[in-house]
Every structure is written in C-alpha cells, then in structure tokens.
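What follows is each chain in one-letter form.
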Amino acid sequence: MRLRRTVRLLLAAAATAALGLTGLAASPASASVLDIPPKGANDWSCKPDSAHPEPVVLVNGTFKLMAENWSALSPKLKEAGYCVFAFNYGNGETAPIPQAAAELRDFVEAVRGATGAKKVDIVGHSQGGMMPRYYVKFLGGADKVDDLVGIVPSNHGTKNPLAIAAGWTICPSCTDQRWGSDLMKKLNEGEEAPAGPDYTVVTTRYDEVVIPYTSALLSGPAERVTNVVLQDKCKLDLFMHDQATKDPVVAQWVLNALGRKGPADPAFHPTCISLG
C-alpha cells in the first residue's frame, strides 16, 4: 500500500506540473488531476462517421499520465475527425502487464459500447504500444482491434538496466518489460503479430529507454505489419523515447496508418521537421 501511495503521489506531482506548464489550473479539491484527459479526448457522446469508423484508444507509456502523454497527438486525431479516448491504468502503468491488459480490455468495451463501433484503433506509447498485443493475443482483442500503432513500443523488452532496478521496487511492469523476461517470452512465442489487427511500429534510432531500439520491431507478413524507423525517411529527426508522441513526423505516420486499409504504407514520405 505504501508503494502504491508513493506512485500516486509522484504521478499527481507530475500532473500538477504538466497542468501548470499548459496554463490549466487544477483545484486542490478536485477528485484527482490524474484523471484529466488530453485535449480532444473522452467525448463520450462522439459517434464515428463513415470516414473514421473506428474510435481511437490512446494507451500511455510507463509512469505516464494521459494529459501529458497525448497532449500533442490527441487534438491532432480529433481535428482529423476521429473519436478519441484515453485513460490511465495499472497504478501509473506499473502493474503487471496481464493486469494492465485486462484494464485495456474493459476500457475498449466501454468505448465500443458508447460509440457503437465494432472495433477500435489503438495507438500506444512504449508499454502502451506493447501491452495491447497481450490483449489481442490472450484476452480476446483480436477481433476488436482494427489498427494497433505502437510508438517506440517495448515489443521485445529492453536491456536498459534501470528496468531491473525499478522492477525490484515499485514497478512490476518494468520487470515484465525486461529483455528475456517470462512475459516477453510468452508474448513473442509463435506469431508476434497474430491475425486480426494491422500493426504499425514507429521507432527511433535515438531511443534511450527501449534498448536496443530494434527491440520495438515486429516480425510478420507485410500485409499486416509495417516497421518504421523515423530516421530512414527523416535523417535529422532527433526525437528520443520520452517525447516521441509529440513528434510531428510520428503524427504523420499514425494518421497514415489509421487512414488506410492495412498498416502504414512503407512507401509513405512524411514531411520532415525543418531545423531552419
């Protein structure tokens, strides 16, 4: 209980700081700053249209809050015409991956119920790009997800030694995300991208959290799996792991993946960031 309280206090402090940076004021009496969604998300009256038939569910990375994690991408998706939904899960995304995946399953059902959509699209960051694969593979999500877009996802775990230290203290999901963990072995045994969703992975050579960065990449047939390394098309893109969801180039890849049949088009050429 003490560790959980510590995590929540840390997240609350991060949320308060984020709100201050965005000019928003949070009342001390508010239920929880943790539950404030990003701009454009969680309009439960939103109904998908024929051009955007699947609502988009945004899934945070470890230790992330939805308001900060999706502050750039959520409004872009909303402006593009999508119904967008976000949530915090797993005690600051520190809970074991199977528990987090069960929470995702329940949230997807809530979104499907509210919107009337048969399927959702999932866009996830880091753990949030990997964990939905557990939902797809083991918890019945294969026929409820149309697109799964992972932004710097920990698909095969990380060799970052900090994952071990965090796992020993307050972060079981960090233990699950270690390279060679039992969870990773189970998740990647057999097909890494089972039939049902289309899979797009967007990663960066400068990832300092998921090490090596190639751990993000998925194997699978080209008709349902596209792996994108940002620098292959935009050599001067210097975005790293933590802020990857705020990269305008990443946003272009996400919109490309969601806006077409199948995963992102490997031949797509995004507009690269100008450094001038």
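In this report, we go over the structure that sits alongside the text. Since this is a predicted model, take the numbers as computed values, not measurements.

## Section: the nonpolar core
And then number 1: Counting residues in each nonpolar core, the largest one holds 32 residues, and the members touching the most others are V57, V59, L104, I122, M131 and Y135.
And then number 2: Of all the secondary structure elements, the ones that give two or more residues to this core are β1 (56–59), β2 (84–87), α5 (97–115), β3 (120–125), α6 (127–138), β4 (145–151), α9 (182–188) and β5 (198–203).
And then number 3: In terms of residue count, the dominant contributor to this core is α5 (7 residues).
And then number 4: Y135 has contacts with A101, L104, R105, V108, E109, I122, G140, G141, K144 and V145, leaving out every residue within four places of it along the chain.
And then number 5: Core analysis: the next-biggest nonpolar cluster, separate from the first, contains 27 residues, A41, L58, A244 and A251 among them.

## A closer look at the pattern of salt bridges
And then number 1: Tallied over the full model, the rule gives 9 salt bridges.
And then number 2: A salt bridge links R224 to E191; the shortest N-O distance between them is 2.8 Å. Residue R224 is found in the loop between β5 and β6 (225–229), and its partner E191 is found in the loop between α9 and β5; the two are separated by 33 residues along the sequence.
And then number 3: Where salt bridges share partners, they join K64, E68, D242 and K246 into one cluster.

## Here's the deal with the pairing of β5
And then number 1: Of all the 6 residues making up β5, 6 are buried; the element is thus mostly covered by neighbouring parts of the structure.
And then number 2: Note: β4 against β5, 5 bridges, orientation parallel. For G150, the partnering residue across the bridge sits in β5 and is V201.
And then number 3: Relative to β6, β5 runs parallel, the two being bridged by 5 bridges. The residue of β6 that forms the bridge with T200 is T226.

Reading the values: rules and limits
- Residues numbered from 1 in each chain as written.
- Predicted model: local features only at pLDDT ≥ 70, side-chain atom pairs only at ≥ 80, totals over all residues.
- Heavy atoms only, no water.
- Core = buried A, V, L, I, M, F, W, Y, C linked by side-chain atoms within 4.5 Å.
- Buried < 20%, exposed > 50% of the residue type's maximum accessible area, 1.4 Å probe, protein only.
- Helix = DSSP H or I, 4+ residues; strand = E, 2+ residues; numbered from the N terminus.
- Contact = heavy atoms within 4.5 Å.
- Salt bridge = Lys/Arg side-chain N within 4 Å of Asp/Glu carboxyl O.
- Pairing = 2+ DSSP bridges.

The values are spatial; any link to function lies outside them.
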